[in-house]
Amino acid sequence: MTDSPLPIAVLISGSGSNLQALIDAQDAAQDYVVAVVISDRPDVRGLDRAADAGISTKVVEWADFESRSSFTRALCDVADCHGAKGLVLAGFMRILAPIAMKRFPAAIINVHPALLPAFPGAHAVENAIEYGVTLTGVTVHFVDEQVDHGPIIVQEAVRVAADDDQTSLHRRIQDVEHRLLPDAVSAFARGNLTVQGRHVRWDRMPEEAVG
Ligand code: GAR
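The shown structure was predicted, so the numbers you read here are calculated from the model rather than taken from an experiment.

Novice: What's the story with the packing of helix 1 (residues 17-29) against helix 6 (residues 166-189) in this structure? I'm lost.
Specialist: Contact geometry of helix 1 with helix 6 gives a least axis separation of 9 Å together with a crossing angle of 45°. Between helix 1 and helix 6, the crossing angle belongs to the class labelled oblique. Seen along the crossing, helix 1 lies across helix 6 with a hand that is right-handed. Contact residues: Ser 17, Asn 18, Ala 21, Leu 22, Ala 25 and Ala 29 in helix 1; Gln 174, Glu 177, His 178, Leu 181, Pro 182, Val 185 and Ser 186 in helix 6. A class-by-class count of the residues in the contact of helix 1 with helix 6 yields seven nonpolar, five polar and one charged.

Novice: So what exactly am I meant to see when it comes to the site of the ligand here?
Specialist: Neighbouring residues of the ligand: 13 residues in total, closest Gly 16, Ser 17, Asn 18, His 170 and Glu 177. The contact in question runs from an oxygen atom of the ligand to an N or O atom on the side chain of Asn 18, over 2.9 Å. In the environment of the ligand, an oxygen atom lies 2.4 Å from a nitrogen or oxygen atom belonging to the side chain of Glu 177. Here the ligand has 450 Å² of accessible area as a free molecule, and 91% of this is covered by the chains. More than half of the atoms belonging to the ligand lie within 2 Å of the grid points that define the largest pocket. The set of elements that each furnish at least two residues to the shell around the ligand consists of helix 1, strand 5 (108-112) and helix 6.

Novice: Teacher, can you tell me more about the packing of helix 1 against helix 2 (residues 45-52) here?
Specialist: When two helices pack together, you describe them by how their axes are tilted relative to each other and by the distance separating the axes. The geometry of helix 1 relative to helix 2 is characterised by a closest axis approach of 9 Å and an angle of 15° between their N-to-C directions. With respect to helix 2, the axis of helix 1 lies roughly parallel. Our pair here, helix 1 against helix 2, has a crossing hand that is right-handed. Residues Ser 17, Leu 19, Gln 20 and Ile 23 of helix 1 pack against Gly 46, Arg 49 and Ala 50 of helix 2. Residue classes in the contact of helix 1 with helix 2 are distributed as three nonpolar, three polar and one charged.

Novice: Please explain the pattern of salt bridges as it appears in this structure.
Specialist: Side-chain pairs of opposite charge can arise whenever the charged atoms involved come near each other. Scanning the entire structure with this criterion turns up six salt bridges. Between Asp 40 and Arg 94 there is a salt bridge, with its nearest N and O atoms 3.1 Å apart. A residue pair is termed long-range when its members are at least 10 positions apart, and Asp 40 in the loop between strand 2 (32-39) and helix 2 and Arg 94 in the loop between strand 4 (86-89) and helix 4 (99-103) qualify at 54 residues. Residue Asp 40 is classed as buried on the basis of its relative accessible area of 5%. Looking at Arg 94, the relative accessible area reads 31%, which means it is partly exposed.

Novice: What is the right way to read the environment of Asp 80 from this model?
Specialist: Within the secondary structure, Asp 80 is located in helix 3 (residues 68-81). Sequence-wise, Asp 80 and Gln 196 are 116 residues apart; in three dimensions their C-alpha atoms are separated by 26 Å. When near neighbours in sequence (up to four residues on either side) are disregarded, Asp 80 contacts Arg 103 and Phe 104.

Novice: Got a minute to help me understand the nonpolar core in this structure?
Specialist: Grouped burial of nonpolar side chains is what soluble globular proteins tend to show. Ranked by size, the top nonpolar core spans 62 residues in total, and within it Val 10, Leu 96, Val 140 and Ile 153 carry the most contacts. Ranked by the residues each element gives to this core, the list is headed by helix 6, at ten residues. When neighbours within four sequence positions are excluded, Val 140 is seen to be in contact with Ile 109, Asn 110, Val 111, Ile 152, Ile 153, Val 154, Leu 180, Leu 181 and Ala 184.

Novice: Can you walk me through the pairing of strand 4 in this structure?
Specialist: Successive residues of a regular strand alternate their side chains across the two faces of the sheet. Side chains Gly 86 and Val 88 of strand 4 all project onto a buried face; the interleaved residues Leu 87 and Leu 89 project onto the opposite face, where all are buried too. As paired strands, strand 4 and strand 5 are joined by three bridges and run parallel to one another. By the bridge assignment, Leu 89 is partnered in strand 5 with Asn 110.

Novice: Help me understand the state of the cysteines in this model?
Specialist: By definition, a disulfide links the sulfur atoms of two cysteine residues through a covalent bond. The final tally for this structure, using the stated rule, is zero disulfides. Sulfur of Cys 76: no disulfide; nearest cysteine sulfur belongs to Cys 81 and is 11 Å away. What makes Cys 76 buried here is its relative accessible area of 1%.

Thresholds applied
- Residues numbered from 1 in each chain as written.
- Predicted model: local features only at pLDDT ≥ 70, side-chain atom pairs only at ≥ 80, totals over all residues.
- Heavy atoms only, no water.
- Axes fitted to C-alpha atoms, helices over the stretch in contact; angles between N-to-C directions.
- Helix = DSSP H or I, 4+ residues; strand = E, 2+ residues; numbered from the N terminus.
- Parallel < 35°, antiparallel > 145°, perpendicular 65-115°, else oblique.
- Left-handed = near helix turned anticlockwise from the far one by under 90°.
- Contact = heavy atoms within 4.5 Å.
- Nonpolar A, V, L, I, M, F, W, Y, C, P; charged D, E, K, R; others polar.
- Near = heavy atom within 4 Å.
- Polar contact = N/O pair within 3.5 Å; in protein donor to acceptor, adjacent residues only side chain to side chain.
- Areas by Shrake-Rupley, 256 points an atom, 1.4 Å probe, with all protein chains shown as cover.
- 1 Å grid on protein atoms, 1.4 Å probe; cavity = no way out; pocket = protein on both sides within 12 Å on 5 of 7 lines; lining within 4 Å.
- Sits in = over half its atoms within 2 Å of the grid points.
- Salt bridge = Lys/Arg side-chain N within 4 Å of Asp/Glu carboxyl O.
- Buried < 20%, exposed > 50% of the residue type's maximum accessible area, 1.4 Å probe, protein only.
- Core = buried A, V, L, I, M, F, W, Y, C linked by side-chain atoms within 4.5 Å.
- Pairing = 2+ DSSP bridges.
- Disulfide = S-S within 2.5 Å.

All quantities given are derived from atomic positions and should not be read as evidence of function.
Structure representation (structure tokens):
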């Protein structure tokens, strides 16, 4: 464990239930601290959750920038200003430009509501139901320059029930996300994750998960 908690920036676009899981776990874990929450949209619930926890917030709106690179640079600048050593994309629905990976190398983590490489993109839960899979799940991975592609930190399967709709399945997927994401961020903050090509080695795997 590091002597002091590692500051991270959490990027959101909406409800922020994963942000809440990170906030709720940080005091017990004592290895990361959410230094700032950055949203690409104003008036989202996640910003209220951050404010309620006394965490600084910043809105960086896509429409205010002329390119993906300038948008990404602004996000990284905010994270830097708050001393963040890593970015966590917790329901952040924008694609970062490669400059983010240069400024935070092997230090950007994303949570995705499917078992990658199946169902990448913004409609993973809907796509899984439409396809008819009986098993989907959660992937927490490092971000690289391709969408939903970087080295996998941890995955866990979630069964699709015959009567599942998008809401019921996503709820069960999020229950798993809320456990896996703080575990992965803690491991990252403690320096317990080693990336070798596409493989991520844990010093110690969390229980119940396969990765
Ligand atoms: C989460 O389920 C996350 O996996 C998904 O958005 C949701 C955000 O929920 N992300 C993606 O689909 C990214 N491609 P939250 O705002 O309540 O954490």
